[in-house]
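Observations on the three-dimensional arrangement
Each chain, letter by letter, is given below.
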Amino acid sequence: MSQDAKTTENLIEVLEDGRKGFTEGADKLTDLDRPDLAAMFARHARQREQFSAQLESMAAAYGDDIDEDGSVAAAVHRGWMTLKDALSGSDPDGVLSAAVQGEDHAVETYEKALKEDISPDLLATVRAQLADIRTARNEVKTQLAAAS
């Protein structure tokens, strides 16, 4: 497996983790009558889905077959591990806090990817996606700070 394929697979795992976390968070925030926060979470979930599709498309263009089945299922428990506990409560702050932790994990994973020996096209895509993920994380952090 090429380094591009390995890096892409890791990033897709994190993106899928974030997509699921933001989707579940949006549902919980809707239940908590916070449509403003739910809409933000839904927007971030769609963004993660688009980023994943972009990486999959790039991999396919290079002839890499990214196996999402095995490792993605395990990845769902990494960055957003605290989300389950936050969702069982009735506090929007808990959901926001879990999202910040998940986004911190995503940023770390993307920063590690930038240090890998990957193709210039993938490197440019990783940089662009990382900038947007940092923006999303900051947006969630701002909402958490405002709620506190």
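Below: a short report on this structure. From a predicted model like this one, the values you see are computed outputs, not experimental measurements.

Next up on the list: the nonpolar core. Leu11, Leu15, Leu55, Tyr110, Leu122, Val126 and Ile133 are the most contacted members of the largest nonpolar core, which totals 16 residues. Beyond its immediate chain neighbours, meaning those up to four positions away, Val126 contacts Leu11, Tyr110, Ala113, Leu114 and Ile118. With 14 residues, the next largest nonpolar core counts Ala26, Met40, Phe41 and Leu144 among its residues.

Take the environment of Ala136 next. Within the secondary structure layout, Ala136 lies in helix α6 (residues 120-147). Given the relative accessible area of 2%, Ala136 is considered buried. Considered as a pair, Ala136 and Glu103 are 33 residues apart in the sequence and their alpha carbons are 8.0 Å apart. Other than its neighbours up to four places away in sequence, Ala136 contacts His44, Gln47, Arg48 and Glu103.

On to helix α2 (residues 35-61), then. Helix length check: α2, at 27 residues, gives a terminal C-alpha distance of 39 Å against a target of 39 Å (1.5 Å per residue), a fit within 8%. Of the residues one or two after α2, Gly63 is the one with positive phi, at around 85 degrees.

Turning to the packing of aromatic side chains, a few remarks are in order. Applying the stated criterion to the full structure yields one aromatic pair. Arranged with centres 5.1 Å apart and planes meeting at 85 degrees, the rings of Phe22 and Phe41 form a pair that is edge-to-face. Here Phe22 is found in helix α1 (residues 3-31), whereas its partner Phe41 is found in helix α2, with 19 residues between them in sequence. On the basis of relative accessible area, Phe22 is assigned to the buried category, the value being 0%. By relative accessible area, Phe41 is classed as buried at 0%.

Take the packing of α1 against α2 next. At a minimum axis distance of 8 Å, the contact between α1 and α2 shows a crossing angle of 160 degrees. Here α1 is positioned roughly antiparallel relative to α2, judged by the angle of their axes. Along this stretch, α1 crosses α2, giving a crossing that reads as left-handed. The class makeup of the residues in the contact of α1 with α2 is 14 nonpolar, seven polar and four charged.

Rules used throughout
Residues numbered from 1 in each chain as written. Predicted model: local features only at pLDDT ≥ 70, side-chain atom pairs only at ≥ 80, totals over all residues. Heavy atoms only, no water. Core = buried A, V, L, I, M, F, W, Y, C linked by side-chain atoms within 4.5 Å. Buried < 20%, exposed > 50% of the residue type's maximum accessible area, 1.4 Å probe, protein only. Contact = heavy atoms within 4.5 Å. Helix = DSSP H or I, 4+ residues; strand = E, 2+ residues; numbered from the N terminus. Expected span 1.5 Å × (residues − 1). Phe/Tyr/Trp six-rings, centres within 6.5 Å; stacked < 30°, edge-to-face > 60°. Axes fitted to C-alpha atoms, helices over the stretch in contact; angles between N-to-C directions. Parallel < 35°, antiparallel > 145°, perpendicular 65-115°, else oblique. Left-handed = near helix turned anticlockwise from the far one by under 90°. Nonpolar A, V, L, I, M, F, W, Y, C, P; charged D, E, K, R; others polar.

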